[in-house]
Amino acid sequence: MADILFTFEWWDYLSILLILIIGLPHGALDTAVGMSVGIYNSNKSKFIFLSSYLSMSILVVIFWYYYPQIALSLFLLISTFHFGLGDSKWNKKFTYYLSGYFNGGIIIYGLSYCNMSEVNAIYKVLVGVNSDAVWSFLEIGLLIWVISFPLHIYFNWKSFDKNYFVTSSFIIFIIYLLPPLLAFAIYFSLIHSINHIKRVIPALQKKLSKLSIMKLFFIFTIGSWLIGLIILFLLIQTNSITDAALKLTFIGLAALTFPHMILVDIFFRPKTQL
């Protein structure tokens, strides 16, 4: 694969803003999610919860620093499941995870292989070295995804509805026609994040008041933005502004996605059966 440098266009700046301003805040509901499932119910347990969440995020960043290709590969894997599971109705069956992997794979493998040169340029910024190991991982993941396709159809075809076909077609459409960063930003901000908020808030309101939910949401959204600005300032000391923006966005998402997925997909969804 020929190496190219990732050159920012106006839509790439727009994409970064969409991800950070519209997409990122859906994770700010995690404090309310933690409270709603009983992970914390006192100041002491709240401190432990927030400290554990932050510590896990920091560990992800440290791991990424020392093992960037492994970290990116793991991030792509958990994102595949997280995106797919987020759009599926929870159940205990194998087909739930099968559907999650297939649906999430449309995003991860679709973006990677429909725009290989441009996506490889982004991956190289994120790992700081050659990205061969990442693509080797993606090849294995893609093979498993292809194998999962007939199984997904066989086990789930009765549950397919108009909304599933419309959403899937729209995702494939933007992946094929749009630049990869913009396609991801539209999916992450306008589909994944909005779906998450629409599904989670009604469940939270059974345990918490609207005021409590909104208070936690705004506090941690603004806090995340402020921390992001500080990190961006530090990154531009040793990186170009475009490379710094990419690293902030995707390494930052990885750092937040690991604890976010554990909380939402392991604790919240099984308990609320969303």
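Thresholds applied
- Residues numbered from 1 in each chain as written.
- Predicted model: local features only at pLDDT ≥ 70, side-chain atom pairs only at ≥ 80, totals over all residues.
- Heavy atoms only, no water.
- Helix = DSSP H or I, 4+ residues; strand = E, 2+ residues; numbered from the N terminus.
- Rg over C-alpha atoms; globule rule 2.2 N^0.38 Å.
- Buried < 20%, exposed > 50% of the residue type's maximum accessible area, 1.4 Å probe, protein only.
- Contact = heavy atoms within 4.5 Å.
- Core = buried A, V, L, I, M, F, W, Y, C linked by side-chain atoms within 4.5 Å.
- Phe/Tyr/Trp six-rings, centres within 6.5 Å; stacked < 30°, edge-to-face > 60°.
- pLDDT = per-residue confidence, 0-100.
- Patch = residues over 30% accessible without salt bridge, like charges linked within 9 Å, V, L, I, M, F, W, Y side chains within 5 Å.
- Areas by Shrake-Rupley, 256 points an atom, 1.4 Å probe, with all protein chains shown as cover.
- Salt bridge = Lys/Arg side-chain N within 4 Å of Asp/Glu carboxyl O.
- Expected span 1.5 Å × (residues − 1).

**Looking at the overall build of the protein chain**
Part 1 of the argument: The helix and strand inventory of the protein chain stands at eleven helices and zero strands.
Part 2 of the argument: The globule rule puts the C-alpha radius of gyration for 274 residues at 19 Å, and the 18 Å found for the protein chain is close to it.
Part 3 of the argument: Taking all 274 residues of the protein chain together, the buried fraction comes to 48%.
Part 4 of the argument: The long-range fraction of contacts in the protein chain, counting pairs at least 24 apart against all pairs at least 6 apart in sequence, stands at 75%.

**Quick look at the side chain of Asp-265**
Part 1 of the argument: Tracing the chain through its elements places Asp-265 in helix α11 (residues 241-272).
Part 2 of the argument: Among residues more than four places away in sequence, those in contact with Asp-265 are His-82, Leu-85, His-260 and Pro-270.

**Section: the nonpolar core**
Part 1 of the argument: Counting 51 residues, the largest nonpolar core has Leu-72 and Leu-246 as its most contacted members.
Part 2 of the argument: Per element, the largest residue contribution to this core is nine residues, and it comes from helix α9 (residues 180-204).
Part 3 of the argument: Once residues lying within four places of it in the same chain are set aside, the contact partners of Leu-72 are Trp-64, Tyr-123, Leu-126, Val-127 and Val-134.

**Let's talk about the packing of aromatic side chains**
Part 1 of the argument: Counted under the stated rule, the structure contains 23 aromatic pairs.
Part 2 of the argument: Centroid distance Trp-10 to Trp-11: 5.7 Å. Interplanar angle 75°. Geometry classified as edge-to-face.
Part 3 of the argument: Summarising the aromatic geometry, the rings of Phe-184 and Phe-188 are spaced 5.5 Å apart at their centres and angled 15° between planes, so their arrangement reads as stacked. Residue Phe-184 and its partner Phe-188 are located together in helix α9, separated by four residues, close to a single helical turn.
Part 4 of the argument: Taking the relative accessible area as the measure of exposure, Phe-188 reaches 5% and is therefore buried.
Part 5 of the argument: Taken together, the ring pairs connect Phe-83, Phe-184, Tyr-187, Phe-188 and Phe-250 into an aromatic cluster.

**Thoughts on the confidence of the model for the protein chain**
Part 1 of the argument: On average, residues of the protein chain score 89 in pLDDT, and 98% of them reach the 70 mark or higher.
Part 2 of the argument: Of all the helices and strands in the protein chain, helix α2 (residues 30-36) carries the lowest mean pLDDT, 86, while helix α4 (residues 68-86) carries the highest, 94.

**Some words on a nonpolar patch on the surface**
Part 1 of the argument: Taken together, the side chains of Leu-17, Ile-21, Ile-22, Leu-190, Ile-194, Met-214, Phe-218, Ile-222, Trp-225, Leu-226 and Leu-229 present a nonpolar region at the surface, about 1,000 Å² in accessible area.
Part 2 of the argument: Among the secondary structure elements, those contributing two or more residues to the nonpolar patch are α1 (10-23), α9 and α10 (210-235).
Part 3 of the argument: If you tally residues by element for the nonpolar patch, the top one is α10, at six residues.
Part 4 of the argument: With respect to the helices and strands, the residue Ile-222 is situated in helix α10.

**Brief notes about α4**
Part 1 of the argument: For α4, with 19 residues, the first-to-last C-alpha span of 26 Å sits near the 27 Å given by 1.5 Å per residue.
Part 2 of the argument: Among the 19 residues of α4, 15 are classified as buried, and the element is accordingly described as predominantly covered.

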